[in-house]
Amino acid sequence: MVTIANVFERAKISSFRFDFAGNGESEGSFQYGNYRREVEDLRSVLQHLRGENRVISAIVGHSKGGSVVLLYVAKYKDVQAVVNISGRFFLERGMEWRLGKDYFKRIRENGFIDVRNRKGKFEYRVTEESLMDRLTTNTHEACLSIHENCRVLTVHGTNDSIVHVTDASEFAKHIKNHKLCLIEGADHEFTSHQHQLASTVLAFFKLDPKDSGDVSTSNRNHMTSVVAIKSRI
């Protein structure tokens, strides 16, 4: 997200980056699932920026954040361009890798699962409530609800070992106004493909002549902004 923000800055497009609670540099505890709350957190951010006379031209999300930005426009329909980077379509996938085998049985018996890193250090607790929040979030239904006037770009790496590239194809199938870009050899974080990712996002943003991203000369407080978020899957 930092590289994307830098590329946007050089193109005279302002951006606002933030992490959800418990992610990156944000305070608070990480919550597994929690898609609905994060949609409302994003709503609060956008309302604040609009209160500062910012025009939100696009929202960009990476990983879980990619799913959240799509759920947002499915519900609120007040943003005309969305970029989903490495988002997950099949939310039921990837849980055994994170929570271990028989996770559903164990969480039903104990009420929670503590997730630890490879060194055995505690990272976060998954409750049955947060697990069910993820399992009952309907990505397919959300994609069908996104208005055709909302332009959506999905960018995915072909070597993503966290979210399989087939998830990207599902977004393409179900979102009306959608463009799919697969970056050959890129992993989940686009570790060696940051500049290619950033240029792809910028090119998509500049496709719409109404959203050139230039700062208004008539009113410096009225600016085109892009909101970028990153969240663990």
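Since the structure is predicted, the reported quantities are computational estimates derived from the model, not experimental observations.

Undergrad: Please clarify how the overall build of the chain should be interpreted in this entry.
TA: Looking only at helices and strands, the chain features nine helices and eight strands. Each of the 233 residues in the chain was classed as buried or not, and the buried ones make up 49%. Contacts spanning at least 24 positions in sequence make up 70% of the contacts within the chain whose residues lie at least 6 apart. Total accessible area computed for the chain in this model is approximately 11,800 Å², and 47% of it derives from carbon and sulfur atoms.

Undergrad: In this structure, what is going on with the nonpolar core? I would like to understand it.
TA: Grouped burial of nonpolar side chains is what soluble globular proteins tend to show. The biggest cluster of nonpolar side chains holds 30 residues, and the ones touching the most others in it are Leu-42, Ile-59 and Val-227. At the level of secondary structure, the elements contributing two or more residues to this core comprise α2 (35–51), β2 (54–63), α3 (64–76) and α7 (139–145). Residues Val-60, Leu-153, Val-201 and Leu-202 belong to the second largest nonpolar core, which totals 24 residues.

Undergrad: Before we go on, may I ask you to explain the layout of surface pockets in this structure?
TA: To find leftover empty space, a probe the size of one water molecule is rolled over the atoms. Taken as a whole, the second largest pocket encloses approximately 240 Å³ of empty space. As for the second largest pocket, its lining consists of 13 residues, and the residues nearest its centre are Arg-36, Leu-71, Lys-75, Thr-137 and Ala-142. At the level of secondary structure, the elements contributing two or more residues to the lining of the second largest pocket comprise α2, α3 and α7. Counting residues per element, the lining of the second largest pocket draws most heavily on α2, at four residues. Grouping the constituent residues of the lining of the second largest pocket by class yields five nonpolar, four polar and four charged.

About the thresholds
- Along each chain, residues carry numbers from 1 onward, in the same order as the chain's sequence is written.
- Since the coordinates come from a predicted model, pLDDT governs what is reported: local features require at least 70, and pairs of side-chain atoms require 80 or more to be given and counted, while whole-chain, interface and lining totals use all residues.
- The basis for every side-chain value is the complete set of heavy atoms in the structure, and neither hydrogens nor water enter the calculation.
- For helices the rule is a DSSP run of H or I covering at least 4 residues; for strands it is a run of E covering at least 2, with both sets numbered from the N terminus onward.
- Burial classes: relative accessible area under 20% of the type maximum marks a residue as buried, over 50% as exposed, and values in between as partly exposed (1.4 Å probe, protein chains only).
- Two residues form a contact once any of their heavy atoms are found within 4.5 Å.
- In these tables, accessible area is a Shrake-Rupley quantity obtained with a 1.4 Å probe, and a residue counts as shielded only by the protein chains included in the view.
- We call a set of buried Ala, Val, Leu, Ile, Met, Phe, Trp, Tyr and Cys residues a nonpolar core when their side-chain atoms join them within 4.5 Å.
- Definitions used for this entry: grid spacing 1 Å over protein atoms alone; cavity, a set of points where a 1.4 Å probe fits but cannot get out; pocket, an open set with protein on both sides within 12 Å along at least 5 of 7 lines; lining residue, one with an atom within 4 Å of a point.
- Grid points are joined across faces, edges and corners, and a volume is the space filled by probe spheres set on the points.
- Under this grouping Gly is polar, as are all residues other than the nonpolar Ala, Val, Leu, Ile, Met, Phe, Trp, Tyr, Cys and Pro and the charged Asp, Glu, Lys and Arg.

What is shown is where atoms sit, not what they do.
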